[in-house]
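Here is what each chain is made of, one letter per residue.
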Amino acid sequence: MWQAKKSLIEDACKAAENYYPDEFLCFFGGNKEKEIITEIVMLPSYNSEESASISEAVLPIDDTIIGCFHSHPNGNNKPSQEDKKFFKKYFINAIASSPFNAENTAFYSQKGEKITIKLV
Ligand SMILES: [Zn+2]
């Protein structure tokens, strides 16, 4: 089971709050073998009320990025069709709905299936 520090998820939620009402997008660093998220990776992104996106050019080409996190300021934390396409690139994906906190953050597998992760 994937695990992450609860404070790390809450930090991502705080950042999402700062971007509100725009969507916020960041990435997770960690270890995919150990299924652990260890850090938030902020990369320059384009944010609007409808979406947040990133130029592939700024993504590191090594395998330090194992997941992504984004906010849904005006909706629930279910992935859109586009989200599911995006999730295919990562092992662990998170969506936070407003009000942003760990409880309102849902996690999804690479296949877009909702999964439970352990917050420690
Ligand atoms: Zn989305």
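Quick caveat, the model's predicted, so the values are computed rather than measured. (Residues numbered from 1 in each chain as written. Predicted model: local features only at pLDDT ≥ 70, side-chain atom pairs only at ≥ 80, totals over all residues.)

Thoughts on helix 1 (residues 6–19)
Just so we agree on the cut-off: Numbering of helices and strands starts at the N terminus; helices are DSSP runs of H or I of at least 4 residues and strands are runs of E of at least 2. To estimate how far a helix should extend, the number of its residues minus one is multiplied by 1.5 Å. Three exposure classes are used, all based on how many other C-beta atoms lie within 10 Å of a residue's own C-beta (placed from the backbone): buried at 20 or more, exposed at 12 or fewer, and partly exposed between those limits. Note that the arc is computed from the directions linking the helix axis to the C-beta atoms.
A rise of 1.5 Å per residue sets the reference length of helix 1, with its 14 residues, at 20 Å; its end C-alpha atoms lie 20 Å apart and thus fit the reference within 8%. Considered for burial, the residues of helix 1 that qualify are I9, A12, C13 and A16. Around the axis of helix 1, the buried residues are gathered within 100° of arc, so they sit on the same side. Within helix 1, the exposed residues directed more than 90 degrees away from the buried face are S7, K14 and N18.

Thoughts on the pairing of strand 6 (residues 65–72)
Within a regular beta strand, the side chains point alternately toward one face of the sheet and then the other, so they alternate between its two faces. Here is the rule: Two strands pair if DSSP finds at least two bridges between them. For a crossover, the right-handed case is the one in which the path from the first strand over the helix to the second runs clockwise, viewed with the strands pointing away from the viewer.
Here strand 6 lies mainly inside the structure; 7 of its 8 residues are buried. Two elements, strand 2 (residues 25–31) and strand 6, share 5 bridges in a ladder whose sense is antiparallel. Bridged to F28 within strand 6 is G67. Alignment of strand 6 against strand 7 (residues 92–97), held across 6 bridges, turns out to be parallel. Counterpart to F69 in the pairing with strand 7 is A94. In the classification by handedness, the crossover that spans strand 6, the intervening helix 2 (residues 81–87) and the parallel strand 7 is right-handed.

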